[in-house]
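Structural characterization, general
Each chain, letter by letter, is given below.
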Amino acid sequence: MGMQNFQQQNELNKTLNRFNKIRLYHNYGYMNILPVKYLKKNATKYKQVQLNTDTHFNAIIMDIDSEELLTEWNAVGLPTPTIQTLNKHNDKAHLVWLLNIPVSKRNQKAIKYYKAIVESIKLLIGADQAYQNHQTKNFLNTNLYRITYNDIAYDLADFQDFIIKKEIYKNVDTTEYESVGSRHIDLFNQLRLYGYQIAKHKDLKEKLQKRAELINAEFDYPIKPKAIIKSVLIFCEENKNNFRTAYKDRKGVMKFKKITKLSKDEYKKELLKRQRASSIRTGDIKRLKTTAKIKVAIEVLLRNKITLTYANIAKTAKISLSTTKRYARIVKILGQKPDGAISSIRVIVLEAERRSTHPLKYYDVVDCLFKVILRKREKI
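Below, the structure is looked at part by part. (Residues numbered from 1 in each chain as written. Predicted model: local features only at pLDDT ≥ 70, side-chain atom pairs only at ≥ 80, totals over all residues. Heavy atoms only, no water.)

Quick look at the overall build of the protein
Going by this rule: We count a stretch as a helix when DSSP gives it H or I for four or more residues in a row; a strand needs E for two or more, and each element gets its number in order from the N terminus. Buried means the residue's accessible area, taken with a 1.4 Å probe over protein chains only, is under 20% of the maximum for its type, while exposed means over 50%, and partly exposed covers the values in between. Here a residue-residue contact requires only that any non-hydrogen atoms of the pair lie within 4.5 Å. Only the protein chains shown count as covering a residue, and every accessible area follows the Shrake-Rupley method with a 1.4 Å probe.
A count of helical and extended segments in the protein gives 15 helices and 8 strands. Split into buried and exposed, the 380 residues of the protein put 45% on the buried side. Excluding contacts between residues fewer than 6 apart, the proportion of contacts in the protein whose partners are at least 24 apart in sequence is 68%. Surface summary for the protein: the accessible area is close to 22300 Å², and the carbon and sulfur share equals 50%.

Structure representation (structure tokens):
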């Protein structure tokens, strides 16, 4: 895929177009503030770009220094990064989750929420704790980096389940979170969701303890859940009268408007239309997530020099063998030797299944990319 096509990716363009000028870091060390148009035309001249500015956060950025931690985001269950930028020479990488709406640094409440998410993700995936989270590797420079792009931007709410409350690790060694964060976050998430349902019960503490024991027993190596139980208990007791209100205020991801002033037949048609749209979205997300799991599994197997078989891929990706075989075309594409070109998960799915994963929202962009792929093959 050419550089120009990569720049036309929907969510990436939305983010870059927020800038009139952007701070760029030259390959030789010094920096410039230049128009975004100049960056797009001369991407190979620059090593880093500053996505988060003095006034806004446009992304969540993680610095990964160890090859062993490159796929830890998947093990923890985090959403697929919008951009994964891997240095071709030392396997160090940056993970970037673009944000749908920039976070203003004037909004203290939003900044506190954003920073809680950033610090929690650092702990969960073992990212560099000292990284400033402002600039990132230039994801348009394919001479220096190998880039995987996934055309999705996120809201802060998409990360709320991954926030590690301060109360949880006040009395716990934080190094334990860095090495086995997934068990702690799994226990916390499952326990708190259960706690919300029984927040008004008199024997809340006993029920939380019993549920924590059951969840903990499922881990290969159980953890000490005392601090997590205490944190969930305190939160549930303080907010037991707020959970229902919060649920009522929650908006659906499809952002449908409330149906009003429609006849019975029109109401049924509109309802059917929305159900179909939701069904398509659910199926598309499932395909995208499964493809991401398979991609991570193949990367792990290749790094460890393990034979790429359906059985090995299924085991590493933690999906069924039948599912892996259904994705045979995708497996074939992902198993090819990487050449440094942009590898969009959406385009991979499109190339394999000849359909857009989001036909309504992303059809024009992805269909254009698919046509480019077909033209290249015809020339060969």
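Re helix 11 (residues 310-317)
Put simply, the rule is: Note: the arc covers the axis-to-C-beta directions of the helix.
What helix 11 keeps buried is the set Ile-313, Ala-314 and Ala-317. In a view along the axis of helix 11, the buried residues occupy a sector of 100°, so they form one face of it. One or two steps after helix 11, the chain reaches Lys-318, where phi turns positive at roughly 60°.

Topic: the pattern of salt bridges
Counted only if it meets this: By definition here, a salt bridge exists when the distance from a side-chain nitrogen of Lys or Arg to a carboxyl oxygen of Asp or Glu is within 4 Å.
The full count for this structure, using the stated rule, is 4 salt bridges. Residues Lys-122 and Glu-119 are paired through a salt bridge, measuring 3.7 Å at the closest nitrogen-oxygen approach. Note that Lys-122 and Glu-119 are positioned in helix 5 (residues 108-125) at a spacing of 3 residues, about one turn of the helix. Given the relative accessible area of 4%, Lys-122 is considered buried. For Arg-192, the salt bridge is made with Asp-161, and the minimal N-O distance between the two is 2.1 Å. Of the two residues, Arg-192 sits in helix 6 (residues 174-197) while Asp-161 sits in the loop between strand 8 (145-149) and helix 6, which places them 31 residues apart along the sequence.

A look at empty space enclosed by the protein
Keep this limit in mind: Both cavities and pockets are sets of points on a 1 Å grid over the protein atoms alone; in a cavity a 1.4 Å probe fits but cannot get out, in a pocket the set is open with protein on both sides within 12 Å along at least five of seven lines, and lining residues sit with an atom within 4 Å of a point. Grid points are joined across faces, edges and corners, and a volume is the space filled by probe spheres set on the points. Any residue outside Ala, Val, Leu, Ile, Met, Phe, Trp, Tyr, Cys, Pro, Asp, Glu, Lys and Arg is labelled polar, Gly included; the first ten of those are nonpolar and the last four are charged.
Enumeration over the complete set of coordinates arrives at 1 cavity of 30 Å³ or more. The computed volume of the largest cavity comes to approximately 30 Å³. In terms of lining residues, the largest cavity is bounded by Trp-73, Thr-80, Gln-84, Ala-292, Lys-295, Val-296, Glu-299 and Ile-345. Among the elements that line the lining of the largest cavity, the one with the most residues is helix 10 (residues 264-303), at 4 residues. Of the residues belonging to the lining of the largest cavity, the class tally is 4 nonpolar, 2 polar and 2 charged.

Examining the side chain of Thr-71
Turning to its location among the elements, Thr-71 is positioned in the loop between strand 4 (56-64) and helix 4 (72-76). The contact partners of Thr-71, leaving out residues within four places of it in the chain, are Val-296, Glu-299, Val-300 and Arg-303.

Re the packing of helix 10 against helix 11
What counts here: Lines are fitted to the C-alpha atoms to define the axes, a helix being fitted only along its stretch in contact, and any angle between axes, read from their N-to-C directions, falls within 0 to 180 degrees. The scheme is simple: roughly parallel for angles under 35 degrees, roughly antiparallel for over 145, roughly perpendicular for 65 to 115, oblique for anything else. Whether a crossing is left-handed or right-handed is set by the direction in which the near helix is turned from the far one by less than a right angle, anticlockwise for left-handed and clockwise for right-handed.
Viewed as axis vectors pointing N to C, helix 10 and helix 11 meet at an angle of 110°, and their least axial separation amounts to 8 Å. In terms of their interaxial angle, helix 10 and helix 11 are classed as roughly perpendicular. As helix 10 runs across helix 11, the sense of the crossing is right-handed. The segment helix 10 lies against helix 11, with Lys-293, Ile-294, Ala-297, Ile-298, Val-300 and Leu-301 engaging Asn-312, Ile-313, Thr-316 and Ala-317. Within the contact of helix 10 with helix 11, the residues separate by chemical class into 7 nonpolar, 2 polar and 1 charged.

Regarding the side chain of Lys-137
Spelled out, the test is: Charged residues are defined here as Lys and Arg on the positive side and Asp and Glu on the negative side; His and the ends of the chain fall outside this count.
One can find Lys-137 in strand 7 (residues 135-137). For the buried Lys-137, no salt bridge is present, and the opposite-charge side chain at shortest range is Asp-63, 5.0 Å distant.

Notes on the sheet that holds strand 7
Note the threshold: Note on pairing: two strands pair once DSSP finds at least 2 bridges between them.
Ordered by their spatial adjacency, 4 strands build an open sheet running 2-1-3-7, and the pairing between neighbours is antiparallel. Each end of this open sheet is capped by a strand with a single partner; those strands are strand 2 (31-35) and strand 7. Averaged over all adjacent pairs, the angle separating strand axes in this sheet is 35°, with direction ignored.

Some words on the packing of helix 7 (residues 204-217) against helix 8 (residues 226-239)
At a minimum axis separation of 10 Å, helix 7 and helix 8 run at an interaxial angle of 140°. If you check the angle between helix 7 and helix 8, you find them oblique. Along this stretch, helix 7 crosses helix 8, giving a crossing that reads as right-handed. Listed contacts from helix 8 to Leu-204, Lys-205, Leu-208, Gln-209 and Ala-212 of helix 7 are Ile-229, Val-232, Leu-233, Cys-236 and Glu-237. Residue composition of the contact of helix 7 with helix 8, by class: 7 nonpolar, 1 polar and 2 charged.

As for unusual backbone geometry
If you check the backbone angles, Asn-133 has positive phi at about 65° while not being a glycine. Positionally, Asn-133 belongs in the loop between helix 5 and strand 7. Asn-133 sits in the buried class, given a relative accessible area of 4%. A positive phi angle is found at Lys-318, which is not glycine, with a value near 60°. Among the secondary structure elements, Lys-318 is positioned in the loop between helix 11 and helix 12 (321-326).

Description of a nonpolar patch on the surface
Our working definition: Patch building starts from residues that exceed 30% relative accessible area and form no salt bridge, then joins like charges within 9 Å and nonpolar side chains (Val, Leu, Ile, Met, Phe, Trp, Tyr) within 5 Å.
Taken together, the side chains of Leu-262, Tyr-267 and Leu-271 define a hydrophobic patch exposed on the protein surface, amounting to about 250 Å² of accessible area. Among the secondary structure elements, Leu-262 is positioned in the loop between helix 9 (243-249) and helix 10.

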